[in-house]
Amino acid sequence: MTPDRTADRAAARKVINVSRETLARLDQLVFMLDRWQATMNLVAPASLPFVWTRHVADSFQLLALAPTKPDVWVDLGSGAGFPGLVVAAALPGTSVHLVESNVKKAAFLREASRAMGVGAVIHAARADAVVGKAIETADIVSARALSSLSELLGHASPLLKTGAVGLFPKGREVEAELTAARECWRFNASLHPSLTDAEARIVRIDGFDGPR
Ligand SMILES: C[S@@+](CC[C@H](N)C(=O)[O-])C[C@H]1O[C@@H](n2cnc3c(N)ncnc32)[C@H](O)[C@@H]1O
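Because the structure is a prediction, the values reported are computed rather than measured.

Enquirer: Outline the site of the ligand, listing residues and values.
Expert: Neighbouring the ligand are 16 residues, the closest being Gly 77, Gly 79, Asn 102, Ala 127 and Arg 144. Among the residues forming the shell around the ligand, the class breakdown is seven nonpolar, five polar and four charged.

What follows is the structure in C-alpha cells.
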C-alpha cells in the first residue's frame, strides 16, 4: 500500500467502525477496484489514493441514517459499488440490489460482489426499467452522483411511494436542488451533515406523496 493509501485507510477507519469480517469484505472491494481500474475507468483516477475516505467511508456513513436492519436496500447508478457494495459488505442479512446501466460496470459489480462474498443482486439496466417492476418495494433507496434530486425522485418514486426511505448524498448545491425538486414533487426531507466532506449533505426523504 502507498503511504497515501495507508494514511487514508486509517482516516476512514474513524468513520468505519466494523467487525474484522466486514473490514475484510471492504478490503476485497478496494482490491478488486484497483485491479479493474487498470483497464477501465471505474472512479476518477485522482480519487484512487483516497478511495477509503472519498468512496468507502463516504458510502458507509449512510448506514447511520438508515432504519436498523433493513430487509431490502436498492442502490441506483451504483458505478463501482458506491454506496451499494459498501452497504452489502456491512449488512450481510440485507438483500441489496445494485442497478447500473453500464454493462461493463455491472460486470465489475458482479465480480466484486462474488469476490467479497456478499451476494448482492446486480441489475444491468436503467433504473426506470427495474424500479417498480423487478423491484417493487424496498426499505431504503440510495443513489450517489446519479442525477439531480428532482430526477432521482422520479427514478425512485415507485419505491418512495410504497414507503422506502431515500438517502441521497449531495454537494454544496443541495438547497437549490431541494427548491427545484419541490416544484415537481411533494415530499418531506431532512438534511444531514457529511462526515467526509464539510460542504456536502445527505438528503433523507422520509415521506413522499408523488408529483405536484
Ligand atoms: C457518476 S456515476 C456514480 C457512481 C457511484 N454511485 C458513485 O457515486 O461513485 C453514475 C453512474 O450511474 C450510471 N447510470 C446513469 N444513468 C443511469 C440510469 N438511468 N440507471 C442506472 N444507472 C445509471 C452510470 O453508468 C454511472 O455508473
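Picking up where we left off.
Enquirer: I'd like a description of the pairing of strand S7 (residues 201–211), backed by residues and values.
Expert: Successive residues of a regular strand alternate their side chains across the two faces of the sheet. One ladder, built from five bridges, connects strand S5 (residues 165–170) with S7; its direction is antiparallel. Across the sheet, residue Pro 169 finds its bridge partner in S7, namely Ile 202. Of the pairings in the sheet, the one linking strand S6 (residues 185–193) to S7 comprises nine bridges and is antiparallel in character. Within the sheet, the bridge partner assigned to Asn 188 lies in S7 and is Gly 207.

Enquirer: So, the UniProt feature "binding site: S-adenosyl-L-methionine" (unreviewed entry) in the protein chain: which residues are in play, and what are the values?
Expert: When the UniProt feature table is mapped onto this chain numbering, "binding site: S-adenosyl-L-methionine" (unreviewed entry) sits at Gly 77, Phe 82 and Arg 144. A maximum C-alpha distance of 8.8 Å among these annotated residues, which run over 68 residues, shows that they cluster at one spot. Note on placement: Gly 77 falls in the loop between strand S1 (72–76) and helix H4 (84–90). Not counting chain neighbours up to four residues away, the residues in contact with Gly 77 comprise Val 99, Glu 100, Ala 127, Ala 143 and Leu 146. Relative to the helices and strands, Phe 82 resides in the loop between S1 and H4. Not counting chain neighbours up to four residues away, the residues in contact with Phe 82 comprise His 55, Ser 59 and Arg 144.

Conventions and cut-offs
Residues numbered from 1 in each chain as written. Predicted model: local features only at pLDDT ≥ 70, side-chain atom pairs only at ≥ 80, totals over all residues. Near = placed C-beta within 6 Å. Nonpolar A, V, L, I, M, F, W, Y, C, P; charged D, E, K, R; others polar. Pairing = 2+ DSSP bridges. Helix = DSSP H or I, 4+ residues; strand = E, 2+ residues; numbered from the N terminus. UniProt positions renumbered as here; feature names shortened; annotations may be inferred. Contact = placed C-beta atoms within 7 Å.

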